[in-house]
Structures are given as C-alpha cells and as structure tokens.
Amino acid sequence: MSELAIETKGLVKVFGDNRAVDGVDLQITPGMVFGLLGPNGAGKTTTIRMLATLLRPDGGSATVLGHDVVTEADKVRSRVSMTGQYASVDEDLTGTENLVMLARLLGFDKAGAKARAAELLDAFGLGDAADRQIKNYSGGMRRRIDIAASIVVAPDLIFLDEPTTGLDPRSRNQVWNVVRALVADGTTVLLTTQYLDEADQLADRIAVIDHGKVIAEGTSSELKASVGAGALHVRVSGPERAERAEQMLVDSLGGEVIRESDGVSLSARADDPTRVAALLTELSNAGVEVTEFSLGQPSLDEVFLALTGHPVEEETERVDEREEEAVR
Amino acid sequence: MTTTTLDTTAEEAGTLDDSKLRSVLGNRVRPDRPGAVSASLTFGWRAMLKIKHVPEQLFDVTMFPIMFTLLFTYLFGGALEGSPTAYIQILAPGILVQTVIFITMYAGMGLNNDIKKGVFDRFRSLPIWRPAPMVGLLLGDAVRFILASLVVLTLSLIIGFRPEGGVIGVVAGIGLTLVFAFSISWIWTLLGLVMRTPEAVLNTAMTILFPVIFASNIFVNPDTMPGWLQTVVDLNPITHLVSAVRGLMGTGAETSDLIWVFASSAALIAIFAPLTMRRYSRL
Ligand SMILES: Nc1ncnc2c1ncn2[C@@H]1O[C@H](COP(=O)(O)OP(=O)(O)OP(=O)(O)O)[C@@H](O)[C@H]1O
Ligand SMILES: [Mg+2]
C-alpha cells in the first residue's frame, strides 16, 4: 500500500483564543510507530482526538487510512482504536463486563463476546482481576485493560495517548511490549509521549510538537543529528571538583554547560572530538578526578532544548502552575 | 500469610504473555456492526450493571417517594380534602408523576459523569448508531422510573388509594408518565453534554423542575390560585399529564389532556434530541 496511514495538512484546533493545534502537517506510513513528542499543553491530545474523530478540526484537513476524518468519520471509526490519556473504561464495571460490553457493541454475539473478553484478559495478565471492578485496579492494570479494550477488534491503526505516563518501570515495560506486539502484527501506531527515551525506544519516526506546532520531524538519529553536535557527559568525584570542571568545560568547549541535579554530572555540546581528548588530559592534570565519561549523540532532552530553546522540565512547571491557578 | 502476600503481588503485576498477546492480536475477527436496537440494548445492559454494582443510586428512587407520599398525605390531607384517605385519591397519581419526573434528571448527571471519566470517548470512537449511548441510558432509566412508580403505588395502596380504573388504568397511567419522562429526559442529556460538572447539571435541572412541578395541579386544585397563576398552571404540560394520569387511574382521561401530553412529548423530543445529538457529535 502506497497510501499513507495518516496525512494531515495544516491541521488547526482553536479553543477560545488558544491555538492548541496550530497548523500541523504529518505524513505517517502504514506499519510504523510514530511518536508525537511534546511537553504538557503542546497539543498532543488535541491532535490525536481530531484524528480519532472525537474532535472536529477548525482548519486544515486530515485523512486516516485514506478517509477524511470529518466527512468519512464513520469509516475511520470502524478501522481505528483510541486509548485516551485517561482511562476510558467504566470504573464501576468489572474487567470482563467492560470488554463484553465493547465486544457486543462491535457486533460479537453473546458467546463470542465472552470468549473474546476472556482471551484478552488472559493475554494481558488480567485473568485474576477479571471479575473485579476497574476502580479497584492498579494504575498499570488500568492501562492494560484500557489497551485491551482498544483491540477487542484488532484495529489497523491505534492511537495511544501517553500510554505510560504515571506507570512504574515494570508496567511501563509491559506497555512497551504491547506496542511492540502491535507493530509486529502490522498495526500502525501513533503514540504521544512526554518521555524522550520512550520515543527513542519505540518510535520509528518522531515529531516534536510544541505550542501546537511541529518543530522537528524525523527518525530519532536524524533529530539528534539535526542538533549538530555530539554530547559530552562527564561525572566527577565531588561537587567542589564539579565547579572547577564546569569552568574548564566552558573554557575549552565554549558552549553552555549543564550541571545535572546530582551536582556532580556535567554535560555540554562538543562539536570537535579532538578538543575533548585534550580536555580530558587537562582535567586530569588539574587533579579533577573523572569517574564517568561519555561522548555520544545528544539525548532527546538535549534535542528538545536545542529545538525549543527551553528544557522540557521548565515548560512542565509552568503548566502545573497554570493548572493550580485554574483549580483555585 | 506468606501465600497471601505472594498472591497479591502476582495479581497486581500480572503476567503479560507475549505469545498470547500475539495470538489475540492475530485473531482478526471483525463481526458485522450491530444494529441500532442491539447497540442501545447493550448500553441498557450497562445501566443495569451499574445498578447492580452501585445499588446506593436506588436510594433516591425509593426513599424520596416514600418520604414525600407520607409527608404530603398526612400533613396536608386533613386540611385540603378532609382526610388523608380522601387526599391520597387525588395525590397518588400526582406524586407518582412528580417522583418520576424528578428522577429524569439523573440521565443528565450520568451522562456528564461518563464524559468526565472518559468512557464516552471510547463510545464515541466506536462505529455504532450514534444515539445508542443516550438511548441506552434512557432505557436504563426506564427501569428506575418503573421501580419508583411501583414504590409510590404500593405505598399509596397501603394508605388507602383505591384507583377505580383498576389494573389496566394504573398501568396506562404509569405508561403515560414514562412516555413523558422519556421525552423530558432529552433536556437533561443536552445539559449533561453542555455543563461542566454533574453538580451543575443537577442544579440547573432542579431550577427548571421545581417551578414546573409545583406550578401544577399535583398538590392542590388550581381553582383557588390567582388568575395569572391559573393560566401558568394550565399551560404547564405537567398539569395535563397529572390530569390524564388521574383520569386513566380513575374514571377515564380527557382526550384533550392526552393530546397535550403526547404533543408536548413529541415537541420535547423534536427539539432536544437533535440538539443533544448535534452537541454529542461535536463534543
Ligand atoms: N476542551 C478544551 N477546552 C479548552 N482548552 C483546551 C481543551 N483541551 C485542551 N485545551 C488546551 O489546549 C492546549 C493543548 O492541550 P492538549 O491537551 O492537546 O496538550 P497535550 O500535549 O496533550 O498536553 P499533556 O501532556 O498535558 O496531555 C492546552 O493549552 C490546553 O489547555
Ligand atoms: Mg495530553
């Protein structure tokens, strides 16, 4: 199939005077995992909701599996599934009841629906919790039942909105396994995430989105390469040495040096590898003991900083403040 | 002790079986989509399950009618009609209507909750007949309406209500009440979709319903009211519904009342069902 799984042209969604999605162009080929990466409030959910026909675009156009999301919404709905950012299952019902209900709504007969529900619960490791109400599920279990609910009829394309936010590492790994199984099965996956390593791990291509605009798009290595430089990470044996090392890094590399929160790790852009070699010698001569050292591609955190001019965390805090105000 | 701990841990974490996962994904059964009736009934089934899991919600449906019936009968009965037994003959059909119409509000609250919790996103992304979630919700409500009607009826019979219309008359009266309740529910589904919180839905619905319920002939004969109020009462569809139900349970309903009830029901659906659906598809 040469046809694109998803194509958007100048997609716009406006809430009041807030341009939540502000002219997004995407081209996603079938069978890939596409990652939409961005901080809180970037417009990830809004984009995905328009593509899943849950929200009407205010401008531009979008086709999903060749169907227009507005004029052929019903055709889109019959071939895609959506797992929202917040669990979209009925909390009062049990796992089995939820899945049987969805199977019935998708056209299974009673016996077929029960069989499918049991099969799904078993595969997702929820067999023991099948008859418990969802409100008594843990966060990881909720995520799994939510994804299971999205594949009652295996879709050709699945939207996963922040599938691992708030999960412990183990549950996160489980969700990653599900995503990999989906891809192996030929399903196209569009997932959003705030975790850079998640996009790095799972996605074939990544679009970085900020303030409703795609600010970069490509494979993980392309994005890293577009930032231009390699990244130098140095860890020294004590905070007082870190001061010294920081100054030397600035002098030698000329760029900005980031001191991590642990106080002893430093990272900086290193455009010239030969400089780095000299720098190591200088550090050693100056008596600054280096306990860890790496020169590699920049992390996606650094990519984000380079692309947006502000680190991811900063944005998150700002949004949190806004939310607190809204609560008040 | 140790075994219990181990069990919980295993349960919490669950085991995600890769080969099973691949097999459920590989199972690409795609049945034909269900019809409108089947989809609505599935949502009705969901409403029943919710009653099963959260039986507290039936409290409103049973306790309020009992309280109201007893309170009004014994408080006002003597003063208004000479005796509680005489008053219950007039009050029973009215209180039945009042009870059922009041609990129609919960349709809007339920819907609003579903939206807030995100379940509705799931429903809206399914390729099903679009009004099915709302119709299913109302089907579930019908069960509550009937239950509430039976509570009021039973209590009234115990107190001394003797409907001359017999079983057929009583059933017809309840049936007519359900028709109107189902129609007025579409106002609340619209509110449920528009308002931000279930509490806001409840408050708005209360503000609308209180005057409509009380400016009617449920409790007293409108003859003693000032002229302008009589006009209001006479235009109130609830008045005609109550008259018709009294008639059906008594010696026969006036055709004009029946026409009023059916016409206002049709009008409510014609206005609010499309508005609800429009709002639903543009949430
Ligand atoms: N229904 C709505 N009404 C008004 N504003 C909205 C609505 N939904 C989203 N917004 C606003 O649109 C912007 C984008 O929100 P969106 O939820 O798409 O971001 P996001 O990237 O998914 O963020 P997060 O990581 O927090 O989920 C935000 O500023 C948000 O406040
Ligand atoms: Mg979001």
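Conventions and cut-offs
- Residues numbered from 1 in each chain as written.
- Chains lettered and ligands numbered in written order.
- Predicted model: local features only at pLDDT ≥ 70, side-chain atom pairs only at ≥ 80, totals over all residues.
- Heavy atoms only, no water.
- Contact = heavy atoms within 4.5 Å.
- Buried area = accessible area lost by both parts, 1.4 Å probe.
- Salt bridge = Lys/Arg side-chain N within 4 Å of Asp/Glu carboxyl O.
- Polar contact = N/O pair within 3.5 Å; in protein donor to acceptor, adjacent residues only side chain to side chain.
- Helix = DSSP H or I, 4+ residues; strand = E, 2+ residues; numbered from the N terminus.
- Nonpolar A, V, L, I, M, F, W, Y, C, P; charged D, E, K, R; others polar.
- 1 Å grid on protein atoms, 1.4 Å probe; cavity = no way out; pocket = protein on both sides within 12 Å on 5 of 7 lines; lining within 4 Å.
- Points joined across faces, edges and corners; volume = space filled by probe spheres on them.
- Donors = N, O, S within 2.8 Å, 3.2 Å for Na, K, Ca; no water.
- Near = heavy atom within 4 Å.
- Areas by Shrake-Rupley, 256 points an atom, 1.4 Å probe, with all protein chains shown as cover.
- Patch = residues over 30% accessible without salt bridge, like charges linked within 9 Å, V, L, I, M, F, W, Y side chains within 5 Å.
- Buried < 20%, exposed > 50% of the residue type's maximum accessible area, 1.4 Å probe, protein only.
- Domains from an automatic or database assignment.
- Core = buried A, V, L, I, M, F, W, Y, C linked by side-chain atoms within 4.5 Å.
- Axes fitted to C-alpha atoms, helices over the stretch in contact; angles between N-to-C directions.
- Left-handed = near helix turned anticlockwise from the far one by under 90°.
- Expected span 1.5 Å × (residues − 1).
- Pairing = 2+ DSSP bridges.
- Parallel < 35°, antiparallel > 145°, perpendicular 65-115°, else oblique.

Participant: I'd love a proper account of the interface of chain A and chain B, names of residues and values included.
Facilitator: Each side of the interface is counted separately: chain A has 58 residues, and chain B has 46 residues. Between chain A and chain B, roughly 4800 Å² of surface is buried when both sides are summed, and carbon and sulfur atoms account for 54% of that area. Contact with chain B buries area across many residues of chain A, yet L54(A), R77(A) and L105(A) alone supply 14% of it, more than any other trio. The shortest N-O distance in the salt bridge between D122(A) and K20(B) comes to 3.0 Å. In this assembly, chain A and chain B are joined by 18 residue pairs in polar contact (both at pLDDT 80 or more). For the side of chain A that touches chain B, the elements supplying multiple residues, two or more each, are α2 (73-77), α3 (95-105), α4 (110-123), α5 (139-150) and α6 (169-184) of chain A. The element that contributes the greatest number of residues to the side of chain A that touches chain B is α6(A), accounting for eight residues. Each residue belonging to the side of chain A that touches chain B can be placed in one class, and the counts come to 26 nonpolar, 11 polar and 21 charged.

Participant: Provide a residue-level description of the layout of surface pockets, including the pertinent values.
Facilitator: Residue and element names in this part refer to chain B. The space that makes up the second largest pocket amounts to roughly 560 Å³. Surrounding the second largest pocket, 22 residues form its lining, K50, Q57, Y106, G110 and N113 being those nearest its centre. Of all the secondary-structure elements, those providing two or more residues to the lining of the second largest pocket are α3 (36-53), α6 (105-117) and α8 (132-159). With seven residues, α6 is the single largest residue contributor to the lining of the second largest pocket. Here the lining of the second largest pocket is composed, by residue class, of eight nonpolar, four polar and 10 charged.

Participant: Describe the coordination of the magnesium ion (ligand 2), and please don't skip the residues or the numbers.
Facilitator: Summarising the metal site, the magnesium ion (ligand 2) is bound by the protein donors T45(A) (OG1) and Q85(A) (OE1), whose distances to it range over 1.8 to 2.1 Å. Of this pair, T45(A) sits in helix α1 (residues 44-51) while Q85(A) sits in the loop between β6 (80-83) and α3, and the two are 40 residues apart along the sequence.

Participant: Would you mind going over the site of ligand 1 in detail, with residue names and values included?
Facilitator: Residues and elements named next belong to chain A. Neighbouring residues of ligand 1: 15 residues in total, closest N40, G41, T45, T46 and E162. A distance of 2.7 Å separates an oxygen atom of ligand 1 from a polar atom in the backbone of G41. Taking T45, its side chain carries an N or O atom lying 2.6 Å from an oxygen atom of ligand 1. Its free accessible area being 640 Å², ligand 1 has 66% of it covered by the protein chains. With three residues, the top contributor of residues to the shell around ligand 1 is α1. Each residue belonging to the shell around ligand 1 can be placed in one class, and the counts come to four nonpolar, eight polar and three charged.

Participant: Residue-level account of a nonpolar patch on the surface, with values.
Facilitator: Residues and elements named next belong to chain B. A surface patch of nonpolar side chains, amounting to about 420 Å² of accessible area, comprises L71, L75, F76, L80 and V220. Summarising the element assignment, L80 is placed in helix α4 (residues 59-81). For L80, a relative accessible area of 38% corresponds to the partly exposed category.

Participant: Outline the domain arrangement of chain A, listing residues and values.
Facilitator: One can read the domain layout of chain A as domain 1 (6-224) and domain 2 (229-297). Measuring from the centre of the C-alpha atoms in domain 1 of chain A to the corresponding centre in domain 2 of chain A gives 41 Å.

Participant: So what's going on with the nonpolar core? Which residues, and what values?
Facilitator: Counting residues in each nonpolar core, the largest one holds 124 residues, and the members touching the most others are L105(A), F124(A) and I101(B). The element best represented in this core is helix α9 (residues 166-194) of chain B, accounting for 13 residues. In contact with I101(B), not counting residues within four places along its chain, are F180(B), A181(B), I184(B), L209(B), I213(B), I238(B) and L241(B). Residues I48(A), M50(A), L65(A) and L190(A) belong to the second largest nonpolar core, which totals 29 residues.

Participant: Talk me through the packing of α4(B) against helix α5 (residues 84-103) of chain B; I want residue IDs and the actual numbers.
Facilitator: Residue and element names in this part refer to chain B. Orientation of α4 relative to α5, taken along the N-to-C sense of each, is 145°, at an axis distance of 9 Å. Classified by chirality, the crossing of α5 by α4 is right-handed. Mapping the contact onto sequence places V61, P65, F68, T69, F72, T73, Y74, F76, G77, G78, L80 and E81 in α4 and P84, A86, Y87, I88, I90, L91, I95, Q98, T99 and I103 in α5. Tallied by class, the residues present in the contact of α4 with α5 amount to 15 nonpolar, six polar and one charged.

Participant: For the pattern of salt bridges, give the residues involved together with the corresponding values.
Facilitator: For the structure shown, the criterion picks out 30 salt bridges over all chains. Connected through salt bridges with shared partners, the residues D90(A), D92(A), K135(A), R46(B), K50(B) and D114(B) form a single ionic network.

Participant: So what's going on with α5(A)? Residues and values would help.
Facilitator: All names here are of chain A. When the terminal C-alpha atoms of α5 are compared, their 17 Å separation across 12 residues agrees well with the 16 Å that a helix rising 1.5 Å per residue should span. For α5, a buried count of 10 out of 12 residues is recorded, marking the element as mostly surrounded by other parts of the structure. Those residues of α5 that fall on the buried side of the exposure criterion are G140, M141, R143, R144, I145, D146, I147, A148, A149 and S150.

Participant: I'd like to hear about the sheet that holds strand β1 (residues 6-15) of chain A, residue by residue, with values.
Facilitator: Within a beta sheet, neighbouring strands are joined by backbone hydrogen bonds and run either parallel or antiparallel to one another. Residues and elements named next belong to chain A. The strand order across the open sheet built from four strands is β2-β1-β4-β5, with neighbouring strands paired in antiparallel fashion. Only two strands of the sheet have a single neighbouring strand rather than two, namely β2 (18-28) and β5 (67-68). Here β1 pairs with strand β4 (residues 59-64) via five bridges, running antiparallel. Among the inter-strand pairings, V12 is bridged to a residue of β4, identified as G59. In the packing of α1 onto the sheet, the strands contacted are β1, β2 and β4, and the crossing angle to β1 comes to about 120°.

Participant: Which residues make up the packing of α8(B) against α9(B), and what values do they have?
Facilitator: All names here are of chain B. Interaxial distance between α8 and α9 falls to 10 Å at its minimum, and their mutual angle equals 140°. Here α8 lies oblique to α9, going by the angle between them. For the crossing formed where α8 meets α9, the hand is right-handed. Contacts between α8 and α9 involve M134, V135, L138, F145, I146, S149 and L153 from the former and V170, I174, L178, A181, F182, S185, W186 and T189 from the latter. Taken together, the residues of the contact of α8 with α9 sort by class into 12 nonpolar, three polar and no charged.

Participant: Mind laying out the sheet that holds strand β12 (residues 257-259) of chain A, listing which residues take part and the relevant values?
Facilitator: Residue and element names in this part refer to chain A. Judged by pairing direction, the sheet is antiparallel, and its four strands sit side by side in the order β12-β13-β11-β14 without closing on themselves. A strand with exactly one partner marks an edge of an open sheet, and here the two such strands are β12 and β14 (290-296). Within this sheet the neighbouring strands show an average axis-to-axis angle of 15°, counted without direction. Pairing geometry for β12 and strand β13 (residues 265-270), over three bridges, is antiparallel. Each bridged residue has a counterpart across the sheet, and for I258 the counterpart in β13 is S267. Helix-sheet contacts for helix α9 (residues 239-253) involve β11 (230-236), β12 and β13, and the interaxial angle to β13 is about 5°.

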